[in-house]
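# Understanding the architecture of this molecule
Here is what each chain is made of, one letter per residue.
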Protein chains: 2
Amino acid sequence: MILQKKSAFNQFAAARGLRSTRQRDLILDVFLSTHEHLSVEELYLKVKVSAPGIGQATVYRTLKLFAEAGLAREMTLSDGQTRYEHVMAGEHHDHLICSRCATIVEFEDATIERLQNEIAARHGFSIRSHRLELYGLCPACKETVPVP
Amino acid sequence: MILQKKSAFNQFAAARGLRSTRQRDLILDVFLSTHEHLSVEELYLKVKVSAPGIGQATVYRTLKLFAEAGLAREMTLSDGQTRYEHVMAGEHHDHLICSRCATIVEFEDATIERLQNEIAARHGFSIRSHRLELYGLCPACKETVPVP
DNA sequence: TCATAAAATGATAATGATTATCAAAATAGA
DNA sequence: TCTATTTTGATAATCATTATCATTTTATGA
């Protein structure tokens, strides 16, 4: 699977006249090895563990390339910071976000997807993407926070 | 209606030990007089027309107060910039956003709202708010952009 | 009306996330 | 091996936002 993704990225790079560099290779390794929704800073810190010499600007540039290549998806949560998640072939999902501990849980609902398309059509829009985020408290935080 | 909102803000301010200042009054006037989803910069430029002496930091601080008072709602679109819209009593809506001309259209769908609550419950979350944005092309931009 | 305490302001410095710049390094093809 | 071009890393620059602080304004009580 990871080899598949690496290959996909290399094909994308070749098609764009871009180089396959060891930094990009390593950053992709680290990115694919975690299933969290990471900010650039967080990924950079993980990359620094294996390759201290890689610059933060390189990580910024490389993540944008992964997004262009379809391997990563950018998401901007309410805190305004850009995070990245894996793109799994043929899959889309939305997010439940805990306002207290920042836990992110993914979900998918075909009915909502269909309704979104209907609403868009009703307004004469043709939609390409969407963002659905539900903010509240996760099960763990619900236990510890008294209801006001 | 505007008087109502001003009164509501003044009550909020008094309850918080805050002052009612002419700058806040004017900023609220300008904010309520437009129904767009404005960034702080955009609102600041509008405010400057009537009151050149008002500082940008004042507009930043004041908009945050309007949000706390329940008169405005912050929204962060994909561009990462914070925008503000009016809060209408008892109403919630979501947004269709044109990726080309940045037009924002509001909509509301009770079924989606209900499904969101069901999904949250299914994952043990209790949600407080959500964000739903559909990105695509508005009717006008669909006309002018050839389908690839 | 005046005095005063406290909030608010405006200008601007500071912050943090992100991007631009550029000399040097790395890559890939001939 | 050579060379053209891309990429890198360090860091300056940018931009949206917030912090700082001297000064101003507000609201209250006398």
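Note that the coordinates shown come from a computational prediction; the quantities given were computed from them, not determined experimentally.

## What about the pattern of salt bridges?
Side-chain pairs of opposite charge can arise where the charged atoms are in close proximity. Across all of its chains, the model carries 19 salt bridges over all chains by this definition. Residues joined in a network through salt bridges with shared partners are Arg131(A), Glu133(A), Arg131(B) and Glu133(B).

## Here's the deal with the pairing of strand β5 (residues 104-107) of chain B
Residues and elements named next belong to chain B. Both strand β4 (residues 94-98) and β5 contribute to a ladder of four bridges, which runs antiparallel. Each bridged residue has a counterpart across the sheet, and for Asp-94 the counterpart in β5 is Phe-107. Counted along the chain from β4 to the antiparallel partner β5, the turn is five residues long, and its residue Ala-102 has a positive phi close to 70°.

## Some thoughts on the relation of the copies chain B and chain A
Note on the copies: chain B fits chain A at an RMSD of 0.1 Å, the axial shift is 0.0 Å, and the rotation between them is 180°. Both copies are brought into coincidence by an operation consistent with a two-fold rotation axis. Nearest to the rotation axis, the C-alpha of Leu132(B) is located 2.2 Å from it, this being the minimum over chain B. Residue by residue, 100% of the interface of chain B is reproduced at the interface of chain A, so both copies engage with the same surface.

## Considerations on the protein's contact with DNA strand C
Taken together, 21 residues sit near DNA strand C, with Arg19(A), Tyr60(A), Arg19(B), Arg24(B) and Thr58(B) positioned nearest. Considering the 4 Å shell around the protein, atoms of DNA strand C inside it are sugar or phosphate in 74% of instances. A distance of 2.9 Å separates a phosphate oxygen of DNA strand C from a polar backbone atom of Arg19(B). Measuring from a phosphate oxygen of DNA strand C, one finds a side-chain N or O atom of Arg24(B) at 2.6 Å. At four residues, the largest contribution of residues to the surface near DNA strand C is made by helix α4 (residues 56-68) of chain A. Broken down by class, the residue content of the surface near DNA strand C amounts to five nonpolar, nine polar and seven charged.

## Describing the domain arrangement of chain A
Residues and elements named next belong to chain A. Domains assigned within chain A are domain 1 (2-86) and domain 2 (94-144). Taken together, the contact between domain 1 and domain 2 spans six residues of the former and seven residues of the latter. One can count four residue pairs in polar contact (both at pLDDT 80 or more) joining domain 1 with domain 2. The residue makeup of the side of domain 1 that touches domain 2, split by class, is two nonpolar, three polar and one charged.

## Thoughts on the protein's contact with DNA strand D
The full set close to DNA strand D counts 20 residues, and Thr21(A), Arg24(A), Thr58(A), Arg19(B) and Tyr60(B) are the nearest of them. Sugar plus phosphate, as a fraction of atoms of DNA strand D within 4 Å of the protein: 73%. The set of elements that each furnish at least two residues to the surface near DNA strand D consists of α2 (22-33) and α4 of chain A together with α4 (56-68) of chain B. No other element matches the four residues that α4(B) contributes to the surface near DNA strand D. Its residues assigned to classes, the surface near DNA strand D shows five nonpolar, nine polar and six charged.

## What to know about the sheet that holds strand β1 (residues 38-39) of chain A
All names here are of chain A. Taken together, three strands build an open sheet; the order of strands is β1-β3-β2 and the sheet is antiparallel. Looking at which strands have only one partner, the edges of the open sheet turn out to be β1 and β2 (72-76). Relative to strand β3 (residues 82-86), β1 is paired through two bridges, and the arrangement is antiparallel. Looking at β3, one finds that Ser-39 is bridged to Arg-83. Contacting β2 and β3, α4 runs over the sheet at an angle of about 110° to β2.

## A short note on the packing of aromatic side chains
Working definition: an aromatic ring pair is given by the centre-to-centre distance plus the angle between the planes. Residues and elements named next belong to chain A. Scanning all chains against the criterion turns up six aromatic pairs over all chains. Considering the side-chain rings of Phe-31 and Phe-66, the 6.0 Å spacing of their centres and the 35° angle between planes classify their relative orientation as tilted. With Phe-31 in helix α2 and Phe-66 in helix α4, this pair connects stretches of sequence that are 35 residues apart. Comparing Phe-31 with Phe-66 shows no difference in burial state: the two are buried. Within the aromatic cluster, the residues linked to one another by ring pairs are Phe-9, Phe-12, Phe-31 and Phe-66.

## Some thoughts on the packing of helix α5 (residues 110-122) of chain A against helix α5 (residues 110-122) of chain B
It is the contact of α5(A) with α5(B), at a shortest axis distance of 10 Å, that shows an interaxial angle of 160°. What the angle tells us is that α5(A) and α5(B) run roughly antiparallel. Regarding α5(A) and α5(B), the two cross each other, and that crossing is left-handed. On the side of α5(A), the interface is formed by Thr111(A), Ile112(A), Leu115(A), Gln116(A) and Ile119(A), while α5(B) contributes Thr111(B), Ile112(B), Leu115(B), Gln116(B) and Ile119(B). Looking at side-chain class alone, the contact of α5(A) with α5(B) contains six nonpolar, four polar and no charged residues.

Parameters at a glance
Every chain is numbered on its own, with residues counted from 1 as its sequence reads. Just so you know, chain letters begin at A and ligand numbers begin at 1, following the order they were written in. Per-residue local features are limited, in this predicted model, to residues with pLDDT of at least 70; the limit for side-chain atom pairs, both in listing and counting, is 80 or more; totals at the level of whole chains, interfaces and linings are taken over all residues. The side-chain numbers reported here are obtained from all heavy atoms of the structure, hydrogens and water having been left aside. The rule for a salt bridge is simple: a side-chain nitrogen of Lys or Arg has to be within 4 Å of a carboxyl oxygen of Asp or Glu. DSSP bridges decide pairing: two strands pair if at least two such bridges lie between them. A run of H or I in DSSP becomes a helix once it reaches four residues, and a run of E becomes a strand once it reaches two; helices and strands are each numbered from the N terminus. Least squares is the method used to superpose the copies, on C-alpha atoms of residues holding a pLDDT of at least 70 in both. We call two residues contacting when some pair of their heavy atoms lies within 4.5 Å. What makes a residue near a molecule or strand is one non-hydrogen atom of that residue sitting within 4 Å of it. Definition of a polar contact: a pair of N or O atoms within 3.5 Å, with one able to donate and the other able to accept a hydrogen when the atoms are protein atoms, and with sequence-neighbouring residues admitted only if both atoms are side-chain atoms. Under the convention adopted here, Pro, Cys and the residues Ala, Val, Leu, Ile, Met, Phe, Trp and Tyr are nonpolar, Asp, Glu, Lys and Arg are charged, and Gly plus all remaining residues are polar. Where a domain begins and ends is set by an automatic assignment or by a domain database. Fitted lines through C-alpha atoms give the axes, limited to the stretch in contact for helices. The angle between two N-to-C directions lies from 0 to 180 degrees. Any pair of Phe, Tyr and Trp rings, taking the six-membered ring for Trp, is counted once the centres come within 6.5 Å. Such a pair is stacked with planes under 30 degrees apart, edge-to-face with planes over 60 apart, and tilted for the rest. For every residue, the accessible area obtained with a 1.4 Å probe (protein chains only) is divided by the maximum for its type, and the residue is called buried under 20%, exposed over 50%, and partly exposed between those limits. The labels follow the angle: roughly parallel below 35 degrees, roughly antiparallel above 145, roughly perpendicular from 65 to 115, and oblique for the rest. In a left-handed crossing the near helix is turned counterclockwise from the far helix by less than a right angle, and in a right-handed crossing that turn is clockwise.

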